[in-house]
Amino acid sequence: MSLLSLRPARRPVPGVFVALTITLALGWLIVMIDGGQLFNQSTTVSLLHVAAGLGLVAVGQTLVILGGSLDLSVAYVISLSTLVAAETMNGSDGALLPAVALALTVSAAVGLLNGLLVTRLRINAFIATLGVGLLLKGYLDNGYDGPAGSTSPGLVQSLGYQRIGPVPLSFLLLLAVTGACWFALARTRFGHHLVAVGGDPEVARLSGVRNDRVLVIAHVLCSLCAGLAGIYLASRLGSGAPRVGTEGLYDLESIAAVVIGGTALAGGRGGVLGTLGGVLLLASIDAIFNQLEVDAFFKQVIRGAIIIAAVAVYARRAMRKAAV
């Protein structure tokens, strides 16, 4: 197997977008029969806000999973970054840029730690990132009983609530981050090397790829995306929230979106465009169930069934390709 053969596919996984279209069509019909309206402005804006927060995390998660790794600390990075940003701003627009820079720096430092634990100490990514997440959890639980700090009014008005028509500015940020990551994966040496490492680390190493450096960069980028999501959530909440990441299940939800989008958990196959489709699918299900006032437990059952079905479909496709 050559390094060139492990380059990422330039087309998104079509299945997730077909599933998204069918879900929206069926959802629109069911909500209309129930007497509601799915595609009104308030529902669309809410759907895109949900997609923006989850999508920023999921895009970063895609990078580490493509490299054959994983990050279970993202939920705590989100919570930490909301607090760092809000406490640094303390309600002042003048402190906006320093606060954003500090929150992203802290997030990148967590990603660097994750990457070094995985590559230098050879700790399994599941254990390493879970351990880092628990360290952050201990700090958050011990240091905060509730919301802290105050987000600057400028950030609240812009990133938190400003929109162009029905499209929130936060969703445009998600599209920009997704586009940048797509370009990095499809057009840069780093992207090709990342997929190569996830596909076959030994082949990548023999081809001259510096596996450890690639994975460290992927973990740093993943944490930066989680930090961006935290800044966005701080703009929506108006303050830092020590439990917003875990209560939103952003660690598991991001992995679910990545898997639904067609990225293999073993690494080496997939992309961020499929992940964006997976995020929109999960957000659409939320919007439909909220319109129908479906029980939260049943909503999670449906989510689980969708994830299992997606994994089964992609596994069968992989088996067919291997057989050929």
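Quick caveat, the model's predicted, so the values are computed rather than measured. (Residues numbered from 1 in each chain as written. Predicted model: local features only at pLDDT ≥ 70, side-chain atom pairs only at ≥ 80, totals over all residues. Heavy atoms only, no water.)

### Structural notes on the UniProt feature "transmembrane region" (unreviewed entry) in the protein chain
- The UniProt entry lists residues 12-33, 45-66, 95-116, 123-140, 160-185, 214-235, 255-285 and 297-315 under the feature "transmembrane region" (unreviewed entry), expressed in the numbering used here.
- The straight-line gap between the two end C-alpha atoms of residues 123-140 is 24 Å; of that span, 89% is helix and 0% is strand.
- Helix makes up 65% of residues 255-285 and strand makes up 0%, while its end C-alpha atoms are separated by 16 Å. (UniProt positions renumbered as here; feature names shortened; annotations may be inferred. Helix = DSSP H or I, 4+ residues; strand = E, 2+ residues; numbered from the N terminus.)

### A word on unusual backbone geometry
- Residue asparagine 90 is not a glycine yet carries a positive backbone phi of 50°.
- Position of asparagine 90 relative to the elements: it lies in the loop between α3 (74-89) and α4 (96-119).
- Its identity is not glycine, yet arginine 122 carries a phi of approximately 60°, on the positive side.
- Tracing the backbone shows arginine 122 in the loop between α4 and α5 (125-143).

### A short note on helix α7 (residues 169-187)
- If you check α7, its first and last C-alpha atoms are 26 Å apart, about what 19 residues at 1.5 Å a residue would give, namely 27 Å.
- Turning to α7, its buried residues are Ser170, Phe171, Leu174, Val177, Thr178, Cys181, Leu185 and Ala186. Projection of α7 onto a plane perpendicular to its axis shows the buried side chains occupying an angular sector of 155°, all on one side.
- Structurally, α7 contributes buried residues whose contacts are with α2 (41-66), α6 (153-161), β2 (167-168), α8 (189-199), α10 (211-237) and α13 (272-292). (Expected span 1.5 Å × (residues − 1). Buried < 20%, exposed > 50% of the residue type's maximum accessible area, 1.4 Å probe, protein only. Arc of directions from axis to C-beta. Contact = heavy atoms within 4.5 Å.)

### What about the packing of α2 against helix α12 (residues 250-260)?
- The geometry of α2 relative to α12 is characterised by a closest axis approach of 8 Å and an angle of 65° between their N-to-C directions. With respect to α12, the element α2 is oriented roughly perpendicular. Taken as a pair, α2 and α12 cross one another with a handedness that is right-handed. Listed contacts from α12 to Gly53, Leu54, Val57, Ala58, Gln61, Thr62 and Ile65 of α2 are Tyr250, Asp251, Glu253, Ser254, Ile255, Ala257 and Val258.
- Looking at the contact of α2 with α12 residue by residue, the classes come out as eight nonpolar, four polar and two charged. (Axes fitted to C-alpha atoms, helices over the stretch in contact; angles between N-to-C directions. Parallel < 35°, antiparallel > 145°, perpendicular 65-115°, else oblique. Left-handed = near helix turned anticlockwise from the far one by under 90°. Nonpolar A, V, L, I, M, F, W, Y, C, P; charged D, E, K, R; others polar.)

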